[in-house]
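Coordinates in review
Listed here are the chains, written in short residue letters.
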Amino acid sequence: MIQDFFRKDLSDFESYNAGKIDYKVRLNANESFNNLGAATRRKLGMVIEDSIYNRYPDAGALQVCNLYAKYAKVESINVMAGNGSDECIQIIAHTFLNTGAKVAIQSPDFSMYGLYTKVAGGIPIEFPLSEDLKLDVEGFITMANREEVKIVFLSNPNNPTGGTITRENIIKIIEGCRCIVVIDEAYFEFYGETIVDKINTYENLIVLRTCSKIGLAAIRLGFLITNNVLMEELKKVKPPYNVNAITQSIGSVVLEEPKIIYKNVERILIERKYLWEKLSCIDGIKLYKAEANFILVEVLNAKLVKEQLLEQSINVRSFTSGVLENCLRITIGSREENDCLLNNITLGNDNNM
Ligand SMILES: *Cc1c(COP(=O)(O)O)cnc(C)c1O
């Protein structure tokens, strides 16, 4: 049987189901609601016309790394580009994990940490957040060291909770854990705090960033930022032409004019404030602190609310088990999309609830 050649440890894996994309209001994937402006898109048209298609792209993605370094206020030798930060997570897992190596993650946190750990043959050790979705920092460090993990992965702000870990506590984790510590700052722009200034202070720190939440999800571009020693090791594993030429060019055009990003973020933050205020006026919804481009809410029956929203072609992310039972993660949309959600979210007036 051909299945005899399959990996036994993958037998209960499922392919990532990103869901249908033809809903009218898509508030499920933490994308930006703003597309690039017409002038920028026209410029990109010219870039695409002038591209060289018969040659491999720059293996080091030098130009876009230089521009990102400037944007992140680090040196370009400390920046590696990935096909989305997803790929950076995968590169980290494959660089540092042998079969059976352990990795510490919070539960809940971004699901790709556990997935790529397992694909690399490692074992994710989950540390549950408290009922109010906070991390017991000391407990986490103790667990990581007791289990002798090779890597800690943490998103800050956390996806899906939206919660944050203070700088002081992030430093405690970096200093306290005897392993590689990866701080995933996918939502940095909506939070404003970063630990990227410490990459040369700590030998074990890697920071992840992405362009996906700030308006460029389509091109798949993420970055890994770390010190020279870790960078040299990671480069051994990075696929040579992992970021295609078009993505490199488009990323460069946008990063050459970071105002495009700042303006987009500003609009998202205005809508976050609006949506938060409106949601907080609705009885029967509990809101969690929102420091990213989404709001996590708790309702009485998330499954029912989600179904009712889907009937109106509004998609949000729902959770049905664990500490997130009856939680919905709602990405910040445009004013029109947010109003559509607010007008259609029905709570408490249903006999089932
Ligand atoms: C969205 C997200 C990513 C993935 O970003 P890509 O660059 O699109 O691969 C990584 N980490 C977290 C925490 C995210 O929420």
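Above this text you will find the structure in question.
Below or above, wherever it landed, is the structure these notes cover. (Residues numbered from 1 in each chain as written. Predicted model: local features only at pLDDT ≥ 70, side-chain atom pairs only at ≥ 80, totals over all residues. Heavy atoms only, no water.)

Turning next to the packing of aromatic side chains. The full count for this structure, using the stated rule, is 8 aromatic pairs. For the pair Tyr68 and Tyr71, a centre-to-centre distance of 5.2 Å together with 55 degrees between the ring planes defines the contact as tilted. In this pair, Tyr68 and Tyr71 are both assigned in helix 2 (residues 62-72), 3 residues apart and thus about one turn of the helix distant. Neither residue differs from the other here; Tyr68 and Tyr71 are each classed as buried. (Phe/Tyr/Trp six-rings, centres within 6.5 Å; stacked < 30°, edge-to-face > 60°. Helix = DSSP H or I, 4+ residues; strand = E, 2+ residues; numbered from the N terminus. Buried < 20%, exposed > 50% of the residue type's maximum accessible area, 1.4 Å probe, protein only.)

The next point concerns the pattern of salt bridges. As a working rule, side chains carrying opposite charge can pair if their charged atoms are close by. For the structure shown, the criterion picks out 12 salt bridges. Here Glu257 makes a salt bridge to Lys43, at a shortest N to O gap of 3.5 Å. Pair noted here: Glu257 is in the loop between helix 9 (245-255) and helix 10 (259-280) and Lys43 is in helix 1 (residues 38-49), with a separation of 214 residues, a long-range link. Of the residues examined, Lys43 reaches a relative accessible area of 37% and is grouped as partly exposed. (Salt bridge = Lys/Arg side-chain N within 4 Å of Asp/Glu carboxyl O.)

This part takes up the sheet that holds strand 9 (residues 286-287). Spatially, the 5 strands line up as an open sheet ordered 1-11-12-10-9, and their pairing is mixed. Every other strand in the sheet has two partners, leaving strand 1 (25-27) and strand 9 as the edge strands with one partner each. Bridging between strand 9 and strand 10 (residues 294-298) involves 2 bridges; their strand directions are antiparallel. Looking at strand 10, one finds that Lys286 is bridged to Glu298. Its contacts with the sheet place helix 10 against strand 9, strand 10 and strand 12 (327-331), and it is angled at close to 15 degrees to strand 10. (Pairing = 2+ DSSP bridges. Contact = heavy atoms within 4.5 Å. Axes fitted to C-alpha atoms, helices over the stretch in contact; angles between N-to-C directions.)

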